[in-house]
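Chain by chain, the residues:
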Amino acid sequence: MSEQKMIYRSRVSDPNSFARTGTLSLNGIEIPTPVFMPVGTRGAVKSLDSDDIDELGYELILGNTYHLYLRPGTEVLEKFGGLKNFVSYKKALLTDSGGFQVFSLNSLVKFKQEGVEFRSHIDGSPHFFTPQKVIDIQRAIGSDIMMVLDDCPPGDGTVSRIKDALDRTHRWAEEAVNYWMKDKRNQFLFGIFQGGTNLDLRLESLDKIRSLPFSGIAIGGLSVGEPRPDFIRTMEGISSYTDRTRPLYLMGVGTVPDILEGVRNGVDMFDCVLPTRNARNGQVFTSQGKVNLRNEKWKLLDEPMDPECECKVCKRYSIGYIRHLHHVKELSAFSLSTYHNLHFMKKFMKELRHSIEVGNFSEFFVKWKNLYERPEISR
């Protein structure tokens, strides 16, 4: 298992949970974990540019294979020497395989032994993804971490549908890892295990993916519509069976309560569109809880969105002004709110890691869970 030794080093573990800190090493870039990754689906974190990402201090972001394959396409990406050169971003990049988008954005998906046939949500053109093709696309993108093609069943999927997903996911995982090992280049490959909220199937899938020489392991198919108690029960059920020598990635999860639950159960990596999407819809995250900027009560308030925040937005602008920008639909409302939310997430993850290092993760967990499971704050 040489690959996981190269990519991940564990540092401090919490004695009362599975929470831990560590370092993710990606081609010379050292990233402290647990880490949150902003989502740049089409090669951009919406409303921000690469200078903003550098200024915020993010060293690992996420792109999506499905969307980048359709636009701008592999011809453009190969011409520019990969996505990082194309967007002028010099740090680390993880790409999802696009499997989730294939199933969620298309109603005419056809499973075949070799892969999955689908039509573009843009123009209806036919396409076919195989485990090997998905890796080839991610090689053109130039990501540091590639994800395998998997079958992500819906949150309310039947046992029969979940078992079918496991059969495909496991078969495709074997094909992908064998293809990758013939030419690893400087890219790492993560496997994904499925199983819905059926713990027996979850553990069966985890056992299979753990047996393969992936660089890391990802939890797929959670937070896709299942009730929150089932999400927590599933996370708790798998926590003692995960491979602690490799990074564990919980895909598509990024609310404060869900990150806390994930870290408590051993997760090292998170990504989610929520901080950026909610910012564009007028919700920001603060040290006191969530704030709806479109609320009339902020209209006359000459204070920062978060009095404890040191981001450039809170240092300069009042919440009354940011509310006005959202109210009149100024484009700067998107960029200013997004910048703040990503600054919040960066600081939150740093404080979370510190709480593990100094031994007060339990107190940190309770404090932030209470703040973010209540309604909007008032002042």
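- As annotated in an unreviewed UniProt entry, the chain carries the name Queuine tRNA-ribosyltransferase and is attributed to Leptospira dzoumogneensis.
- The UniProt entry for the chain carries the following comment under Sequence similarities (unreviewed entry): "Belongs to the queuine tRNA-ribosyltransferase family."
- As its UniProt record puts it under Subunit (unreviewed entry), the chain is described as follows: "Homodimer. Within each dimer, one monomer is responsible for RNA recognition and catalysis, while the other monomer binds to the replacement base PreQ1."

Some points on the pattern of salt bridges
- Applying the stated rule across the entire model yields 23 salt bridges.
- Among the salt bridges present, the one from Arg-185 reaches Asp-183, with a minimum N-O distance of 3.0 Å.
- Judged by its relative accessible area of 32%, Asp-183 falls in the partly exposed class.
- When the shortest N-O distance is used, the salt bridge between Glu-261 and Arg-264 registers 2.6 Å.

Let's talk about the nonpolar core
- Judged by nonpolar contacts, the single largest core of 108 residues is most densely connected at Ile-145, Tyr-249, Met-269 and Phe-348.
- The leading source of residues in this core is helix H15 (residues 331-358), at ten residues.
- Built from parts of two domains, this core gets at least three residues from each of domain 1 (8-271) and domain 2 (278-369).

Brief notes about the UniProt feature "binding site: Zn(2+)" (unreviewed entry) in the chain
- Residues annotated by UniProt as "binding site: Zn(2+)" (unreviewed entry) correspond here to Cys-309, Cys-311, Cys-314 and His-340. Maximum C-alpha separation among the annotated residues is 8.5 Å over a sequence range of 32 residues, consistent with a single clustered spot.
- Relative to the helices and strands, Cys-311 resides in the loop between strand E16 (289-292) and helix H13 (312-316).
- In this structure Cys-311 comes out as buried when scored by relative accessible area, which is 1%.
- For Cys-311, the contacting residues outside a window of four places in its chain are Tyr-339, His-340 and His-343.
- Counting through the fold element by element, His-340 comes out in helix H15.
- Sequence-distant contacts of His-340, that is, excluding residues within four places in its chain, are made with Val-284, Phe-285, Thr-286, Met-305, Asp-306, Cys-309, Cys-311 and Cys-314.

A closer look at a positive patch on the surface
- Judged by side-chain charge, Arg-42, Lys-46, Arg-71 and Arg-277 come together as a positively charged surface patch.
- Residue position: Arg-71 is located in the loop between helix H3 (65-70) and helix H4 (74-79).

Concerning the packing of helix H11 (residues 256-264) against helix H16 (residues 361-372)
- Contact pair H11 / H16: the axes reach a minimum separation of 9 Å and the direction vectors enclose 155 degrees. The orientation of H11 with respect to H16, classified from their angle, is roughly antiparallel. Where H11 crosses over H16, the two elements pack in a sense that is left-handed. Touching Val-256, Pro-257, Leu-260, Glu-261, Val-263 and Arg-264 of H11 are Phe-361, Phe-364, Phe-365, Trp-368, Lys-369 and Tyr-372, all from H16.
- Looking at the contact of H11 with H16, its residues break down into nine nonpolar, no polar and three charged.

Points about unusual backbone geometry
- Geometrically, the link from Thr-33 to Pro-34 is a cis peptide bond, its omega value of 0 degrees lying close to zero.
- Mapping Pro-34 onto the fold places it in the loop between strand E3 (29-33) and strand E4 (35-37).
- For the bond from Arg-71 to Pro-72, the omega torsion is 10 degrees, close enough to zero to count as cis.
- Within the element layout of this structure, Pro-72 appears in the loop between H3 and H4.
- The phi angle at Ser-88 is positive, at roughly 60 degrees, despite the residue not being glycine.
- Looking at the element boundaries, Ser-88 is found in the loop between helix H5 (83-87) and strand E6 (92-96).
- At Lys-329, a residue that is not glycine, the phi angle is positive and equals roughly 65 degrees.
- With respect to the element layout, Lys-329 can be found in the loop between helix H14 (319-327) and H15.

Rules used throughout
Residues numbered from 1 in each chain as written. Predicted model: local features only at pLDDT ≥ 70, side-chain atom pairs only at ≥ 80, totals over all residues. Heavy atoms only, no water. UniProt positions renumbered as here; feature names shortened; annotations may be inferred. Salt bridge = Lys/Arg side-chain N within 4 Å of Asp/Glu carboxyl O. Buried < 20%, exposed > 50% of the residue type's maximum accessible area, 1.4 Å probe, protein only. Core = buried A, V, L, I, M, F, W, Y, C linked by side-chain atoms within 4.5 Å. Helix = DSSP H or I, 4+ residues; strand = E, 2+ residues; numbered from the N terminus. Domains from an automatic or database assignment. Contact = heavy atoms within 4.5 Å. Patch = residues over 30% accessible without salt bridge, like charges linked within 9 Å, V, L, I, M, F, W, Y side chains within 5 Å. Areas by Shrake-Rupley, 256 points an atom, 1.4 Å probe, with all protein chains shown as cover. Lys, Arg positive; Asp, Glu negative; His and termini not counted. Charge placed at Lys NZ, Arg CZ, Asp CG, Glu CD. Axes fitted to C-alpha atoms, helices over the stretch in contact; angles between N-to-C directions. Parallel < 35°, antiparallel > 145°, perpendicular 65-115°, else oblique. Left-handed = near helix turned anticlockwise from the far one by under 90°. Nonpolar A, V, L, I, M, F, W, Y, C, P; charged D, E, K, R; others polar.

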